[in-house]
Each structure stands twice: as C-alpha cells, then as structure tokens.
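# Analysis of the macromolecular model
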Amino acid sequence: MDDRLFGLDMQLLFDVCVVFVFIMLLYIIMSRLFFKPVRAFLEQRKAAIEADREAAKTDDEAAGRLRAEYEALLKEANKEAESLVSASYKEALKKKEEIISDAKVQALAIIEQADKEAEIEMNRVKDDVKNQMTELASDIAGRFVTSKDPFREAMLLEETLKEMGGEAWQNS
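Residues numbered from 1 in each chain as written. Predicted model: local features only at pLDDT ≥ 70, side-chain atom pairs only at ≥ 80, totals over all residues. Heavy atoms only, no water.

This next bit is on the overall build of the protein chain. For the protein chain, the helix and strand inventory stands at two helices and zero strands. Scored against the burial criterion, the 172 residues of the protein chain give a buried share of 4%. Total accessible area on the protein chain is roughly 15600 Å²; 62% of this is exposed by carbon and sulfur atoms. (Helix = DSSP H or I, 4+ residues; strand = E, 2+ residues; numbered from the N terminus. Buried < 20%, exposed > 50% of the residue type's maximum accessible area, 1.4 Å probe, protein only. Areas by Shrake-Rupley, 256 points an atom, 1.4 Å probe, with all protein chains shown as cover.)

This part takes up the packing of aromatic side chains. Inspection of every chain in the model, using the stated rule, returns one aromatic pair. Their ring planes at 50° and their centres at 6.3 Å tell us that Tyr27 and Phe35 sit as a pair that is tilted. Judged by relative accessible area, Phe35 falls into the partly exposed class, the value being 33%. (Phe/Tyr/Trp six-rings, centres within 6.5 Å; stacked < 30°, edge-to-face > 60°.)

Attention shifts here to the pattern of salt bridges. The tally for this structure, following the rule as stated, stands at two salt bridges. Salt-bridge contacts for Arg124 lead to Glu121; the nearest nitrogen and oxygen are separated by 2.2 Å. Of this pair, Arg124 and Glu121 both sit in helix 1 (residues 10-146), three residues apart, which is roughly one turn of the helix. We classify Arg124 as partly exposed; its relative accessible area is 42%. As a salt-bridge pair, Arg124 and Asp128 come within 3.0 Å of each other at their nearest N and O atoms. Taken as a pair, Arg124 and Asp128 lie in helix 1 at a separation of four residues, close to a single helical turn. (Salt bridge = Lys/Arg side-chain N within 4 Å of Asp/Glu carboxyl O.)

This is the structure:
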C-alpha cells in the first residue's frame, strides 16, 4: 500500500463519513442557532425599511398636497390683496375728485364773495366820488356866485378841473 499516492482504505472512508455527519450536524445546529435568527432579523429589517419607504412616500404625497394647498391659498391671498389695492385706489380717486370739487365750490364761493365785496367797495367809492364832486360843484358854484369877473370864473373852473383830475368827473 505504500506504492499509492492516495490510499483509499476503510479508515479514510470512515473518517470522511464521520466528518460529513459532523458537518451536517454543525450545519443544522448553526442554522437553528444562527441562520434562522439572522434571517428573521434581516426580514424584520427589510420590513422596517419597506415601512419607512411607504411612510416617506405618503409623507411626500402629503407634503405635495400641502404645498399645492399653500400655493392656492397664496394665489388667493395675492388676488385678494390686488383687489383691495384696486378698491383702495378707486376710493382714493373718488375722494380726490370730491376734494377737488369741494375746493372748486369753495373757490367759486370765495370769488363770488370777493366780487360782491369789490362791487360794494366800488359803489362806496363811486358814492364818495359823487359826494366829493357834489361838494366840489357846490364849492365852485359858491365861488362863481361870489365873483363877477369872467376871467376869474374861467380860472376857477380850470383850477377845479385840475383838482378833480381829468378822468374822475367823466366816470361818474
């Protein structure tokens, strides 16, 4: 038996069978003690990851809906703000027109009052001029009556006209 390289004898076959049985026993023990718990742990982890993915997906969908609602509310708020600004602008224009019309009415009233006062003052001045002309005429008449000289009368008339001014006696 020495001349063989590999001696196949009973002891070797027995050793191989014993090793094979021990390996199978070791595999069964390890699969029960280690592989099944590890597989269960991996299955639990896989389920947790899948649940997290589903939760993330639903959260993402909810965030999308909230974003859409927020954008819709923001657009609505912008439209409302624009309408308020537009209404305020229109109201301001209306107030402006009212203020301008009130100011025009007041200005016309002031102008009418000033015209009335000017007319009253003009009438008073005319009355004063008439009174002064009457006094002057009576003064002149008194001078003419007391004087019998025609040259002196002409001088008095010219002097009176100079005192009155050329336009004062013509406007009455």
